[in-house]
Amino acid sequence: MIGVFDSGMWGLISLEYLQAELPQQSFLYLWDTKYLPYGNKSPEFLQERTFACLEWMFGQWCKLVILACNSASAYAIRSRQETYPDRKVLSVTVPGVEAIVEWDYHQAVLLATQATVESDIYHKVLRRAYPSYTSQLQCRVGTDLVQMIEQWADEQQILQQLAIVMQWCDDADCVILWCTHYPLIATLIQQVIWPDVHIINPARESAHKLWYYLKKHPEMDVHNQISWKSKRRENQYFVTGDMTEYAGIQVTQVIIESPISGS
Ligand code: DGL
């Protein structure tokens with residue numbers, strides 16, 4: 001069982017990409033509805049809360065967890081890996097950075113939540129993995145866009161907000177949708193930037209990378225280790241808030257305690 005974690009339900013888009021790449025796998029999807037949104041939370045909260053959710057997922061036999069939530073992975077990815085050497089936590093962050101380098105973009109615009117932008121995670125990953133790569137990374141905070149998408153705001157409102165957020169991006173060669181919600185408005189984003197600016201969707205990139213990762217690490221491929229006890233099951237969906245069904249998906253509420261309960 002591969003775990004997929006997000007603060008909200010739009011990590012389901014990441015799950016769709018993962019399922020398309022790995023149709024035989026079953027997934028456990030946890031969304032932390034109790035504390036949504038993550039994009040305006042403190043680093044301490046995001047780290048502790050994500051760790052608590054990861055512990056819970058490991059306890060559900062997830063050997064491998066994908067952090068679909070960019071705000072969570074910005075603060076939690078590395079330190080947790082050290083605590084659980086036999087488990088793997090992958091995120092959408094690194095494949096997003098790799099895409100910039102692989103396509104040789106040098107004027108990237110990163111559209112992300114406040115928390116992700118403040119973490120400076122992409123500069124850190126870029127400097128560590130590709131120290132000689134020179135690129136201009138401009139960051140744009142789109143926290144309001146998250147709220148608008150959550151509230152199903154109309155296209156004109158979103159376009160107006162995008163025009164503000166994306167102004168002065170004329171020299172960009174790519175825009176990275178560094179938040180689970182932005183793929184939903186990718187066509188609107190394309191309308192406010194130059195037509196030849198490439199939009200990178202880290203959720204799609206990471207699904208593709210996971211396929212390669214599992215080829216290289218068969219020990220993490222839960223599907224390959226199927227026994228009579230654990231043959232492929234349907235996906236399972238869990239929420240931390242008070243909910244039993246969302247958009248036709250049956251969800252199970254779980255209580256996950258974490259040391260920091262505020263924002
Ligand atoms: N899932 C968050 C992210 O990708 C966006 C929504 C939120 O703020 O919780 O950063």
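Residue positions are given per chain, counted from 1 along the sequence in the order it is written. pLDDT decides what is reported in this predicted model: residues at 70 or higher carry local features, side-chain atom pairs at 80 or more are listed and counted, and totals for whole chains, interfaces and linings draw on all residues regardless. Side-chain descriptors were evaluated using all non-hydrogen atoms of the structure, hydrogens and water having been removed beforehand.

Enquirer: Got a minute to help me understand empty space enclosed by the protein in this structure?
Expert: It is the rolling of a water-molecule-sized probe over the atoms that shows where space remains empty. Every definition here rests on a 1 Å grid over the protein atoms only: cavities are sets of points where a 1.4 Å probe fits but cannot get out, pockets are open sets enclosed by protein on both sides within 12 Å along at least five of seven lines, and lining residues have some atom within 4 Å of a point. Grid points are joined across faces, edges and corners, and a volume is the space filled by probe spheres set on the points. Across all of its chains, the model carries one cavity of 30 Å³ or more by this definition. There is about 60 Å³ of room inside the largest cavity. Around the largest cavity sit S14, A68, N70, V92, L177, C179, T180, P183, N201, P202 and A203, which together line it. Under this grouping Gly is polar, as are all residues other than the nonpolar Ala, Val, Leu, Ile, Met, Phe, Trp, Tyr, Cys and Pro and the charged Asp, Glu, Lys and Arg. A per-class count over the lining of the largest cavity returns seven nonpolar, four polar and no charged.

Enquirer: Would you take a moment to explain the sheet that holds strand β7 (residues 174–178) for this structure?
Expert: Consider a sheet: its strands pair through backbone hydrogen bonds, and that pairing is either parallel or antiparallel. When DSSP finds two or more bridges between a pair of strands, those strands are recorded as paired. Counting from the N terminus, the helices are DSSP H or I runs at least four residues long and the strands are E runs at least two residues long. As summarised here, the arrangement of the four strands in space is β6-β5-β7-β8, forming an open sheet in which the pairing is parallel. A single partner strand is all that each edge strand has here, and the edge strands are β6 (136–141) and β8 (198–200). Direction aside, neighbouring strands of the sheet carry axes that sit 25° apart on average. Relative to β6, strand β5 (residues 107–112) is paired through six bridges, and the arrangement is parallel. Within β6, the position partnered with A108 by the bridge is L137. Each of β5, β6, β7 and β8 is contacted by helix α4 (residues 93–102), which is oriented at about 175° to β7, the strand it contacts most. Note on method: axes are straight lines fitted to C-alpha atoms, helices fitted across the in-contact stretch only, with angles between N-to-C directions ranging 0 to 180 degrees. We call two residues in contact when some of their heavy atoms are within 4.5 Å.

Enquirer: Honestly, the pattern of salt bridges in this entry has me stumped. Any pointers?
Expert: Two side chains bearing opposite charge may form a pair once their charged atoms approach each other closely. Put simply, a salt bridge is a Lys or Arg side-chain nitrogen that is within 4 Å of an Asp or Glu carboxyl oxygen. Evaluation of the coordinates by the stated rule reveals five salt bridges. We note a salt bridge from K209 to E98, for which the minimum N-O separation is 2.9 Å. Of this pair, K209 sits in helix α10 (residues 202–216) while E98 sits in helix α4, and the two are 111 residues apart along the sequence. With a shortest N-O distance of 3.1 Å, K209 and E102 are connected by a salt bridge. Of this pair, K209 sits in helix α10 while E102 sits in helix α4, and the two are 107 residues apart along the sequence.

Enquirer: What is the right way to read the packing of α4 against α10 from this model?
Expert: Between two packed helices, the angle of one axis relative to the other and the distance separating the axes together describe the packing. Closest axis-to-axis distance for the α4/α10 pair is 8 Å, and the angle between their directions is 95°. Considering their axes alone, α4 and α10 lie roughly perpendicular with respect to each other. Contacts between α4 and α10 involve P95, G96, E98, A99 and E102 from the first element and P202, E205, S206 and K209 from the second. When the residues that make up the contact of α4 with α10 are grouped by side-chain class, the tally is three nonpolar, two polar and four charged. Any angle from 65 to 115 degrees is called roughly perpendicular, while one under 35 is roughly parallel, one over 145 is roughly antiparallel, and all others are oblique.

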